[in-house]
Amino acid sequence: RLLVREVVLDRPAQRMGAYGRHLSLWLRQGDARARAVAFGFGDYADELPAGAAIDLVFSPKINTWGGRRSAELHVIDFRPCSAAELAPHGASELAR
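Residues numbered from 1 in each chain as written. Predicted model: local features only at pLDDT ≥ 70, side-chain atom pairs only at ≥ 80, totals over all residues. Heavy atoms only, no water.

1. Some thoughts on the pairing of strand 1 (residues 2-9)
Two faces make up the sheet, and in a regular strand the side chains alternate between them.
Here's step 1: The pairing of strand 1 with strand 5 (residues 53-65) spans five bridges and is antiparallel. Looking at strand 5, one finds that Leu3 is bridged to Val57.
Here's step 2: Judged from the two bridges that link them, strand 1 and strand 3 (residues 22-29) form a sheet pairing that is antiparallel. Bridge pairing in strand 3 links Leu9 to Leu27. (Pairing = 2+ DSSP bridges. Helix = DSSP H or I, 4+ residues; strand = E, 2+ residues; numbered from the N terminus.)

2. Overview of the packing of aromatic side chains
Here's step 1: Under the defined criterion, the tally for this structure stands at three aromatic pairs.
Here's step 2: With a centroid separation of 6.0 Å and an interplanar angle of 45°, the aromatic rings of Phe41 and Tyr44 are classed as tilted.
Here's step 3: On the accessibility criterion, Tyr44 (22% relative accessible area) is partly exposed.
Here's step 4: These aromatic residues form a ring-pair network of at least three members: Phe41, Tyr44 and Phe78. (Phe/Tyr/Trp six-rings, centres within 6.5 Å; stacked < 30°, edge-to-face > 60°. Buried < 20%, exposed > 50% of the residue type's maximum accessible area, 1.4 Å probe, protein only.)

3. As for the pattern of salt bridges
Here's step 1: Summed over all chains, the structure comprises five salt bridges.
Here's step 2: Two residues, Asp10 and Arg28, come together in a salt bridge whose shortest N-O distance is 2.5 Å. Taken together, the residues Asp10 in the loop between strand 1 and strand 2 (14-16) and Arg28 in strand 3 connect sequence positions 18 residues apart.
Here's step 3: Linking Asp55 and Arg79 is a salt bridge whose minimum nitrogen-to-oxygen distance equals 3.0 Å. Here Arg79 lies in strand 6 (residues 68-80) and Asp55 lies in strand 5, a separation of 24 residues in the sequence. Side by side, Asp55 and Arg79 carry an identical accessibility label, which is buried.
Here's step 4: One network of salt bridges, in which partners are shared, links Arg5, Asp55 and Arg79. (Salt bridge = Lys/Arg side-chain N within 4 Å of Asp/Glu carboxyl O.)

What follows is the structure, given as structure tokens:
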């Protein structure tokens, strides 16, 4: 598990999967950009517009789709950047 702070959504969160249960997120921090997938977070789509800044806990993964491989982030949890600080070493859950 890794933590990145103050990452910004490049685009609004998009629902994906059966019944829109999951989210596809396009993130940026400085010049770096990455795609993230948030399984089971579909209900939060309206709370994640383009330009929103969040703190994100994720696992890096290699996605293979249609014969192509790409790096992506699998979201474990997130919170708006204005939330209270994390406990040392991410010991507590992130507030949502």
